[in-house]
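Letter by letter, the chains look like this.
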Amino acid sequence: MSITHPSFGTLDDDRIIIFDTTLRDGEQSPGFSMNLNEKIRMAEALTEIGVDVLEAGFAIASPGDFESVKAIAESIGQRDNTPVLASLARAGQMDVLRAAEALRSAKRKRIHIVIATSDLHMKYKLRLSPDEVIAATVESVTLARQHADDVEWSAEDATRSDPDFLCRVIEAAIGAGATTINLPDTVGYALPEDMERMYSNVRNRVPGIEKIVLSTHNHNDLGLGVANTIASIRAGARQVECTINGIGERAGNASLEEIVMAVRTRQDAIPFSNRIVTKQLLQISKLLATITGFDVQPNKAIVGRNAFAHEAGIHQDGVLKHAGTYEIMTPESVGWQKSSLVMGKHSGRAAFRDKLKTLGYSIGDNQLNDAFRRFKDLADRKKVVWDEDIVALVDDEVMRDHQRIRFVSLDLHAGSKSPPRAELELEVDGVVKSATSGGDGPVDATFKAIQQIFPHTANLVLFSVGAVTEGTDAQAKTTVRLEENGKMVDGQGADTDTIVASARAYVHALNKLLVKRVRTEPQALSA
Ligand code: KIV
Ligand code: ZN
């Protein structure tokens, strides 16, 4: 029997709804927080790749969360191609009203209510009896339906909940008007066969279940998030909740790109369809990595650097004769280029613009000019400019929008004979300022010079250096994490000179902190 859903109309039997929670479950994990501009940028990219539901945040969690759900509702939520925008809410009046308020202007919206249903959570966390959980479910879903036609209800810790109670509370949620029922494996404990059992139980026993969308949401504590998602689809789930790069609480959520490509590659066993533009998977993965400062590991399925690299001679030989020998999907189908070269110092502006287009960027003329200048500079210093170098450079350029502080120049004296000294110039609010500083090494001297030019109270909590590509002429990609009053930001910088990349990353992080501060506590940083 087909399901008629308030947001999607009559659903084809083979349709899988892709619910992305990168900006909520993903963003709430330590170190992955994003500022408003970054969230909007991610939300735009998620809209472009075709997610059906975009969980924009947890409106009541903080004023910043509320503002970002609202801003996404007011921007992306007005477009013709907007996904359904969701905000999470606990099963209480205040939460539901806050979610409804943040989503108010969205053309398509969903209030997503969660309450725990396992004995362990009800007894120790909620301190509620099962009957009280049912009452809270009914009250909150009823209230949510007064503000949205599309209401999702989630049974937190469903996989460790008593199956009889789970059926009772789901029946109550459907009776109160829930249009999607989500059964999360909140702690990543379940095995694929547990998922099959849980969905079959619910589908066989809950009256009215055939009229609503069943959803699955799996964490990766045992590395089974995607496997459990696939098992759930095969057992009747028609919505999957997932994140780009699998980010999320603890070990993360099931990854969107892995689920989508598993379904696409194994149509023989999982004959379902979705609307994701798979050719943009790599680009969105890289965008998220740039924004958060966390690259995926090289062997990450689909989007890792080695996902389509063949090292063993025997494999290379096979792939050259017939790609299918060692490739179960084409690299192009997820956004990789077969040839990952070739730009150098002789390439002109048109070639550079064309390259950006192939890499999926469309940037304005001013940004293009700046990026091209930096590309030429890089090409002068580096034998080969790889696609990854260009991506790092352009991402760096785009992220530099709306910045109060800009890196101008750095002159460094270092080595084993004399103490390090950094002579730094920064532009602050349009005025170039300079400082000279010593320190316990060139990086320390540089960071101290930044502190002199722009005094601040933020603490440096992480500094990491990586190479964008290989070789001694590779660009360094640095990440600086700053913390102030419990707020954490990551800045990135890329340059062939590691110390310049470090200065750029520090300045980038400071700018992000200023944006964060302006949003929450206007007076905080001094200049
Ligand atoms: O893991 C979980 O249970 C959740 C819910 C809010 C859906 O993230
Ligand atoms: Zn979760």
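Residues numbered from 1 in each chain as written. Chains lettered and ligands numbered in written order. Predicted model: local features only at pLDDT ≥ 70, side-chain atom pairs only at ≥ 80, totals over all residues. Heavy atoms only, no water.

Some remarks on helix α8 (residues 192-205)
Quick note on the threshold: Helix numbering and strand numbering both begin at the N terminus, where a helix is a DSSP run of H or I of at least 4 residues and a strand a DSSP run of E of at least 2. In this scheme, a helix's expected span is set at 1.5 Å multiplied by one less than its residue total. Buried residues are those whose accessible area, probed at 1.4 Å on protein chains only, stays under 20% of the maximum for their type, while exposed residues exceed 50% and partly exposed ones sit between those limits. Think of it as the arc spanned by the lines of direction from the helix axis to the C-beta atoms. In this analysis, two residues are considered to be in contact whenever any of their non-hydrogen atoms come within 4.5 Å of each other.
Its 14 residues place the ends of α8 20 Å apart at the C-alpha level, agreeing with the 20 Å of an ideal helix rising 1.5 Å per residue. Listed in full, the buried residues belonging to α8 are Met 195, Met 198, Tyr 199, Asn 201 and Val 202. Projected onto a plane normal to the axis of α8, the buried residues spread over an arc of 155° and lie on a single side. Turned more than 90 degrees off the buried face of α8, the exposed positions are Arg 197 and Asn 204. Buried positions along α8 lie against α7 (163-176), β8 (180-185), β9 (213-218) and α9 (225-234).

Quick notes on the sheet that holds strand β13 (residues 431-438)
Our working rule: By this definition, two strands are paired if DSSP reports at least two bridges between them. Only the stretch in contact is used when a helix axis is fitted, and all axes are lines through C-alpha atoms; the angle between N-to-C directions ranges over 0 to 180 degrees.
Ordered in space as β11-β12-β13, the three strands form an open sheet in which the pairing is antiparallel. Single-partner strands in this sheet number two, and they are β11 (405-413) and β13. Sheet twist, expressed as the mean angle between neighbouring strand axes with direction ignored, is 15°. Sheet topology places β11 next to strand β12 (residues 421-428); eight bridges connect them, and they run antiparallel. Bridging across to β12, Asp 411 finds its partner in Glu 423.

Some words on the pairing of strand β15 (residues 476-484)
Across the nine residues of β15, eight count as buried, placing the element largely inside the fold. Taken together, the eight bridges between strand β14 (residues 459-467) and β15 define a ladder with antiparallel strand orientation. Looking at the pairing, Leu 460 lines up with Leu 482 of β15. With nine bridges connecting them, β15 and strand β16 (residues 487-495) associate as antiparallel partners.

Regarding empty space enclosed by the protein
Quick reminder of the rule: Note on definitions: the grid is 1 Å and covers protein atoms alone; a cavity is a set of points where a 1.4 Å probe fits but cannot get out; a pocket is an open set with protein on both sides within 12 Å along at least five of seven lines; lining residues have an atom within 4 Å of a point. Grid points are joined across faces, edges and corners, and a volume is the space filled by probe spheres set on the points. Note on residue categories: nonpolar means Ala, Val, Leu, Ile, Met, Phe, Trp, Tyr, Cys or Pro, charged means Asp, Glu, Lys or Arg, and polar means any other residue, Gly included.
A full pass over the atoms with the stated rule returns two cavities of 30 Å³ or more. Of the voids in this model, the largest cavity is the one considered here, and its volume is about 50 Å³. Taken together, Gly 31, Ser 33, Ile 291, Thr 292, Arg 481, Met 488, Val 489, Asp 490 and Lys 512 make up the lining of the largest cavity. Elements with a contribution of two residues or more to the lining of the largest cavity: α11 (281-292) and β16. Ranked by residue count, the leading element in the lining of the largest cavity is β16, at three residues. A class-by-class count of the residues in the lining of the largest cavity yields three nonpolar, three polar and three charged.

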